[in-house]
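# Per-entry structural report
Listed here are the chains, written in short residue letters.
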Amino acid sequence: MFQDMAQMQSPVITAEREIIGGKIGFLLAQVARAATRRYVTALAPAGINPRQTAVLFELRRDGATSQQALSEILDVDPTILVGLLNFLGDEGLAVRRRDPTDRRRHVVEITKRGMKRLSVVEHAARQTEDEFFAPLSLEEREQLTGLLMRLAETTETEPTSDLMNVHGD
């Protein structure tokens, strides 16, 4: 009896997934959630999550950055960024200081410990990416990267406090 019920529900679930998954935006969101879950799992041994990692990558790339600019660059609501920076500061991965030229501003900088943690993260991320994108050829990966970069460059978004809040960061 239970097997019959499962068989009856299966076509409905499959059809529903096809309808939702057939829309490129929903499909992209579905793939992004799957990738995020894999990155969260891969980064857990390093004691960091993807959002915290993004902050460190940005600080490494741009050097000392104002907290406001960091919020805008990462497209993260300022209140969420404060939580991320508190964690990174407590872990000794980043430091926040008053800007000597404008005491109202905070400047954030990655620490040596943060740089070391990023090297561990990069190794885990590289492995995760290789596994996740294994069904695609190198040429397809490059094409996908190019298309996503083009979309990212032309997409304006508002900082979100809840949409990107993965695993309580």
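Keep in mind the model is a prediction, meaning the values are calculated, not measured.

Quick look at the pattern of salt bridges now. Within the structure shown, the criterion is met by 7 salt bridges. Put simply, Asp99 and Arg105 hold a salt bridge, and the shortest N to O gap is 2.6 Å. Taking relative accessible area as the criterion, Asp99 reaches 6% and is therefore assigned buried. A residue is classified by how much of its surface remains accessible, and Arg105, at 36% relative accessible area, is partly exposed. Note that Asp102 is salt-bridged to Arg104, the shortest N-O span being 3.0 Å. Arg104 sits in the exposed class, given a relative accessible area of 71%. Overlapping salt bridges bring together Glu58, Arg61 and Asp62 as one network.

Hydrogen bonds between backbone atoms are what pair the strands of a sheet, whose relative direction is either parallel or antiparallel. With respect to topology, 3 strands assemble into an open sheet ordered S1-S3-S2, the strand pairing being antiparallel. Each edge of the open sheet carries a strand with a single partner, namely strand S1 (65–66) and strand S2 (94–99). In the sheet, S2 pairs with strand S3 (residues 102–110) via 6 bridges, with the strands oriented antiparallel. Bridging across to S3, Ala94 finds its partner in Ile110.

To continue, consider unusual backbone geometry. Most peptide bonds take the trans form, and the phi angle of most residues other than glycine is negative. Look at Asp75: it is not a glycine, yet its phi comes out positive at around 60°. Its location among the elements puts Asp75 in the loop between helix H4 (67–74) and helix H5 (78–90).

The share of residues in the chain with pLDDT of 70 or more is 79%, and the mean pLDDT across the chain is 83. The least confident element of the chain, judged by mean pLDDT, is helix H1 (residues 2–21) at 51; the most confident is H5 at 95. Long-range and interchain partners of residues 4–12, a stretch whose pLDDT sits below 50, account for 0 contacts in this model, where long-range means more than four residues apart. Confidence drops under pLDDT 50 across residues 158–169; counting only partners more than four residues distant or on other chains, this segment forms 20 contacts.

Right, let's talk about the packing of helix H2 (residues 24–43) against helix H6 (residues 112–132) for a bit. Across the interface, H2 lies against H6 with an axial gap of 9 Å and an inter-helix angle of 140°. If you check the angle between H2 and H6, you find them oblique. Note that H2 runs across H6; the crossing there is right-handed. Touching Val31, Ala34, Ala35, Arg38, Tyr39, Ala42 and Leu43 of H2 are Val121, Ala124, Ala125, Thr128, Glu129, Glu131 and Phe132, all from H6.

What counts, and where the lines are drawn
- Starting from 1, residues in each chain are numbered consecutively following that chain's sequence as written.
- Selection of residues for local features in this predicted model requires a pLDDT of at least 70, selection of side-chain atom pairs for listing and counting requires 80 or more, and totals for whole chains, interfaces and linings are taken over all residues.
- As a rule here, side-chain values cover all heavy atoms of the structure and leave hydrogens and water aside.
- Salt bridge, as used here, is a side-chain nitrogen of Lys or Arg placed within 4 Å of a carboxyl oxygen of Asp or Glu.
- Buried residues are those whose accessible area, probed at 1.4 Å on protein chains only, stays under 20% of the maximum for their type, while exposed residues exceed 50% and partly exposed ones sit between those limits.
- By the convention used here, strands pair only if DSSP detects at least 2 bridges between them.
- Only DSSP runs of H or I with at least four residues qualify as helices, and only runs of E with at least two residues qualify as strands; both kinds are numbered from the N terminus onward.
- Confidence per residue, as judged by the predictor, is encoded in pLDDT with a range of 0 to 100.
- Two residues qualify as a contact provided that any one of their heavy atoms is within 4.5 Å of a heavy atom in the partner residue.
- Only the stretch in contact is used when a helix axis is fitted, and all axes are lines through C-alpha atoms; the angle between N-to-C directions ranges over 0 to 180 degrees.
- Roughly parallel means an angle under 35 degrees; roughly antiparallel, over 145; roughly perpendicular, 65 to 115; everything else is oblique.
- We call a crossing left-handed when the near helix sits turned anticlockwise from the far one by less than a right angle, and right-handed when that turn is clockwise.

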